[in-house]
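Descriptive structure summary
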Amino acid sequence: MQAEDEYMISDFDLFVTKYISVPKDMGQLNCAAFIAGIVKGALDGAGFPARVTAHFVAVKGAPKPKTTILMKFDSSVLLREQRLPTI
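Parameters and conventions
Residues numbered from 1 in each chain as written. Predicted model: local features only at pLDDT ≥ 70, side-chain atom pairs only at ≥ 80, totals over all residues. Heavy atoms only, no water. Phe/Tyr/Trp six-rings, centres within 6.5 Å; stacked < 30°, edge-to-face > 60°. Helix = DSSP H or I, 4+ residues; strand = E, 2+ residues; numbered from the N terminus. Buried < 20%, exposed > 50% of the residue type's maximum accessible area, 1.4 Å probe, protein only. Polar contact = N/O pair within 3.5 Å; in protein donor to acceptor, adjacent residues only side chain to side chain. Contact = heavy atoms within 4.5 Å. Core = buried A, V, L, I, M, F, W, Y, C linked by side-chain atoms within 4.5 Å. Pairing = 2+ DSSP bridges. Axes fitted to C-alpha atoms, helices over the stretch in contact; angles between N-to-C directions.

Scanning the entire structure with this criterion turns up two aromatic pairs. Geometrically, the ring pair formed by Y7 and F73 is edge-to-face, given 5.7 Å between the ring centres and 75 degrees between the ring planes. On the criterion of sequence distance, the pair formed by Y7 in strand 1 (residues 6-11) and F73 in strand 3 (residues 66-73) is long-range, its members being 66 residues apart. Y7 sits in the partly exposed class, given a relative accessible area of 45%. Between F48 and F73, the ring centres sit 6.5 Å apart and the planes meet at 80 degrees, which makes this aromatic pair edge-to-face.

So, about the side chain of D5. Note on placement: D5 falls in the segment before strand 1. In this structure D5 comes out as buried when scored by relative accessible area, which is 14%. One polar contact links D5 to K72, side chain to side chain, over a distance of 2.9 Å. Excluding residues within four positions of it along the chain, D5 makes contact with M71, K72, F73 and L78.

Below, the discussion takes up the nonpolar core. In this structure, L14, A32, I35, A36, V39, L43, A50, V52, I69, M71, F73 and V77 together form the largest nonpolar core, which totals 12 residues. If you list the elements that add at least two residues to this core, you get helix 1 (33-45), strand 2 (50-57) and strand 3. The element contributing the most residues to this core is helix 1, with four residues. When near neighbours in sequence (up to four residues on either side) are disregarded, V52 contacts A36, V39, K40, L43, I69, L70 and M71.

Within the secondary structure, L78 is located in helix 2 (residues 75-83). A sequence separation of 73 residues divides L78 from D5, and the C-alpha atoms of the two residues are 7.1 Å apart. Once residues within four sequence positions are removed from consideration, L78 is found in contact with E4 and D5.

With that settled, consider the environment of H55. Tracing the chain through its elements places H55 in strand 2. Taking the C-alpha atoms as reference points, H55 and E81, 26 residues apart in sequence, are found 27 Å from one another. Other than its neighbours up to four places away in sequence, H55 contacts N30, K66, T67, T68 and L70. One polar contact links H55 to T53, side chain to side chain, over a distance of 2.7 Å.

This part covers the sheet that holds strand 2. One open sheet holds the three strands; their spatial order is 1-3-2, and the pairing between them is antiparallel. Each of the sheet's edge strands pairs with one partner strand only, and the pair in question is strand 1 and strand 2. Mean inter-strand twist for the sheet, computed between neighbouring axes without regard to direction, equals 20 degrees. Contacts from helix 1 reach strand 2 and strand 3 within the one sheet, and its direction differs from that of strand 2 by about 155 degrees.

Keep in mind these numbers describe shape, not what the thing actually does.
Structural data, given as structure tokens:
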């Protein structure tokens, strides 16, 4: 279960990392951390401060893990959203 202030984007094969070869001794390196930085910049620039991280998530039966971009929004975002009228 995810928290109210957390959102996730998941993908098995992010386009930008498709042609990156990670050396065997750096097998846990997640090149999608670069994408997490781009997402963070876009969110911050739009007035939605958040902590954005990239994680590998193992999937049973899949040959490789999927990448999940986790966005945890600052409490100021939630407070602002609560002040908006509900439709």
